[in-house]
Amino acid sequence: MADSALSRVEFAALSRGEGTSLTLGPLDGRYRESVAPLIDFLSEAALNRDRVHVEVEWLIHLTRHAVLPGTQPFTEDQETQLRSVVTSFDAAAVAELGEIEAVTVHDVKAVEYYIGRRLEGIGIEHLKPLVHFGCTSEDINNLSYALGIKGAVVDVWLPAARALVGSIAELARSSRDTPMLSRTHGQPATPTTLGKEMAVVAHRLTRQLDRIEATDFLGKINGATGTYAAHYASAPRTDWEDVARSFVEGLGLTWNPLTTQIESHDWQAELYSDIARFNRILHNFCTDVWSYISIGYFAQIPVAGATGSSTMPHKVNPIRFENAEANLEISSGLLDVLASTLVTSRWQRDLTDSSSQRNIGVALGHSLLAISNVAKGLARLDVAEAVLAADLDGNWEVLGEAVQMVMRAEAIAGVPGLDDPYERLKDLTRGHRVDAARMREFVGGLGLSPEAEQRLLALTPGSYTGIAAKLVDHLD
């Protein structure tokens, strides 16, 4: 190893934060700026802050309801001081919690002790036994995760996704009248408009976002096996279900009245399935746009100073869409694992959910990164209308559908000599290139009524788009 190279020991020191930190994953390294907003909700530090928040609010809630003899509501100043334990949670707090956990070897117990240390300064040190009262760790964890996931989805992921879909919808509106050759099975098909195809994607993605926005973020606080046993053993006259329900709802969550030791996580599985479905629709959009770029329908606007290839100077590669594809696949894979794992737990509880949930930020991070890349890619696209028009003009055979349908209608109306329209158009067009002159010659020899003949003679591949442009209005 060269003298200037880092040894494995030195790399390990850097990764522990001793000096310039190294990261194992790309979200905390190369792509950190794109996913940074999620850190405030789904990082380990954010989880611990939310645990402190839940424990503090539970302590306040218990005193307000006077659930135990000898307790009374805190003064306004005491409540303010307690809540400042949450609002002042910083790097020093993270370090202190880490030191406590090194002794307890239990993250939630460390939070309990961390809060207990601060009660003396508020003059309520006698209430240390009330911290974490009646709770199992999962009471605190499920609420903390729900708060973090809700914040990440509602405040970060959804706004980014909505903005992207808005950009796709705007492209749909601006290109609503731009005719485009369709391709089914990769072959020329009935024309559409570019705007209508973009509208299809925007509509599909919006449906998923509406489902995600309607998510119920559930929570529970009912003890070691969901029976309130310790609660009623210690305070039998208290309506513990009402105390629990009002507490959970007061946090802005939906109360789950029936659980084991863990909140069942079904709502998380539903949410992750919806986000994964959004991811996959967006992935399909990326592959389509990539293909449109490759055939020249979209022109990419070069970034000043950027390099497309280390050896081919002319290249402008669709890297934003390719990057997005990879990140959407990673995100969807993780979300699928979370959705399938979190709905199962041995008997009243096992620990698989704990390890799984630590990857929620990674799953959403890769999706958020993909959304950012697609948005940047879209912003540097121009519609190449001349290429679209030329492609249409080279595929007059797509009018075969229109001609044979008019022939059918004419035959039904009693016009003679229009037998076997499909077969006749099949003979003309299947596997053959047909230009404008040949198509018009064929139409002119059919013996159609004058009105029908003129209608077909006026038709071009570029005008044979039905009500595609009008369909874009369904976005509004």
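In case you missed it, the structure is sitting above this.
Residues numbered from 1 in each chain as written. Predicted model: local features only at pLDDT ≥ 70, side-chain atom pairs only at ≥ 80, totals over all residues. Heavy atoms only, no water.

1. Side note on the overall build of the chain
Counted only if it meets this: Only runs of H or I of at least four residues qualify as helices and only runs of E of at least two qualify as strands under DSSP, and these elements are numbered from the N terminus. Only protein chains enter the accessibility calculation, which uses a 1.4 Å probe; a residue whose area is less than 20% of its type maximum is buried, one above 50% is exposed, and one in between is partly exposed. For this analysis, residues touch if any pair of their heavy atoms sits within 4.5 Å. His is not counted, nor are the chain ends; Lys and Arg add positive charge and Asp and Glu add negative charge. For the purpose of locating charges, the reference atoms are NZ of Lys, CZ of Arg, CG of Asp and CD of Glu.
Helix and strand content of the chain: 20 helices and six strands. For the C-alpha atoms alone, the extent of the chain along its principal axes is close to 100 × 70 × 40 Å. Counting only residues that meet the buried cut, the chain has 47% of its 476 residues in that class. Relative to all contacts within the chain whose residues are 6 or more apart in sequence, the contacts with residues 24 or more apart total 76%. Of the charged side chains in the chain, 42 are positive and 62 negative, and the gap between their average positions amounts to 3 Å.

2. So, unusual backbone geometry
You will see that His132, though not glycine, has its phi angle at about 70°, which is positive. Here His132 is to be found in the loop between α6 (107–119) and α7 (137–174). On the basis of relative accessibility, which here comes to 13%, the residue His132 falls in the buried class. The backbone of His265 shows a phi angle near 70°, a positive value even though the residue is not glycine. Its location among the elements puts His265 in the loop between β4 (254–255) and α11 (266–294).

3. Focus: the packing of aromatic side chains
What counts, and what does not: Two rings from Phe, Tyr or Trp (for Trp, the six-membered ring) form a pair when their centres sit within 6.5 Å of each other. Planes less than 30 degrees apart are called stacked, planes more than 60 degrees apart edge-to-face, and all others tilted.
This model, assessed by the stated rule, comprises seven aromatic pairs. On the basis of an interplanar angle of 75° and a centroid distance of 5.0 Å, the ring pair of Trp157 and Phe278 is categorised as edge-to-face. Taken together, the positions of Trp157 in helix α7 and Phe278 in helix α11 put the pair 121 residues apart, joining distant regions of the chain. Accessibility expressed as a relative area gives 0% for Trp157, which makes it buried. The buried category is assigned to Phe278, whose relative accessible area is 0%.

4. Overview of the pairing of strand β2 (residues 187–193)
Here is the rule we go by: When DSSP locates at least two bridges between a pair of strands, those strands are taken to pair.
Of the pairings in the sheet, the one linking strand β1 (residues 179–184) to β2 comprises five bridges and is antiparallel in character. Following the sheet pairing, Arg183 is matched in β2 by Pro188.

5. Points about the pattern of salt bridges
Stated precisely, the cut-off is as follows: A pairing counts as a salt bridge when a side-chain nitrogen of Lys or Arg comes within 4 Å of a carboxyl oxygen of Asp or Glu.
Applying the stated criterion across every chain yields a total of 30 salt bridges. Between Arg49 and Asp40 there is a salt bridge, and its shortest N-O distance comes to 2.8 Å. The partner of Asp107 in a salt bridge is Arg51, and the shortest N-O contact between them spans 3.0 Å. Of this pair, Asp107 sits in helix α6 while Arg51 sits in helix α3 (residues 44–64), placing them 56 residues apart in sequence. On the accessibility criterion, Asp107 (14% relative accessible area) is buried. On the accessibility criterion, Arg51 (1% relative accessible area) is buried. One connected set of salt bridges, linked through shared partners, spans Glu44, Arg51, Asp107 and Arg358.

6. Some points on the nonpolar core
The line we're drawing: In these notes, a set of buried Ala, Val, Leu, Ile, Met, Phe, Trp, Tyr and Cys residues joined through side-chain atoms within 4.5 Å is what counts as a nonpolar core.
Membership of the largest hydrophobic core comes to 111 residues, with the highest contact counts inside it found for Ile149 and Trp157. Per-element accounting of this core gives the leading share, 18 residues, to α7. When near neighbours in sequence (up to four residues on either side) are disregarded, Ile149 contacts Leu42, Phe217, Trp267, Gln268, Leu271, Tyr272 and Ile360. One finds Trp396, Leu428, Leu446 and Leu459 within the second-largest nonpolar core, a separate group that totals 21 residues.

7. Comments concerning a negative patch on the surface
Our working rule: Patches here are clusters of residues that have more than 30% relative accessible area and form no salt bridge, with a 9 Å joining cutoff for like charges and a 5 Å cutoff for nonpolar side chains (Val, Leu, Ile, Met, Phe, Trp, Tyr). Per-residue and other accessible areas follow the Shrake-Rupley method at a 1.4 Å probe size, with only the shown protein chains counted as cover for residues.
A grouping of Asp419, Asp420, Glu423 and Asp427 is seen on the molecular surface, where their side chains present a negatively charged patch. Its location among the elements puts Asp419 in the loop between α16 (400–412) and α17 (421–429).

8. Some remarks on the environment of Ser264
Here Ser264 is to be found in the loop between β4 and α11. A sequence separation of 203 residues divides Ser264 from Ile467, and the C-alpha atoms of the two residues are 48 Å apart. The contact partners of Ser264, leaving out residues within four places of it in the chain, are Asn256, Leu342 and Val343.

9. Examining the side chain of Thr429
Convention followed: Two N or O atoms count as a polar contact when they lie within 3.5 Å, although within protein this holds only if one can serve as hydrogen donor and the other as acceptor, and sequence-adjacent residues are included solely when both atoms are side-chain atoms.
Its place among the elements puts Thr429 in helix α17. Of note is the side chain of Thr429, whose polar atom sits 2.7 Å from the backbone oxygen of Leu425. If near-sequence neighbours (up to four positions away) are discounted, Thr429 is found in contact with Glu397, Val434 and Met439.

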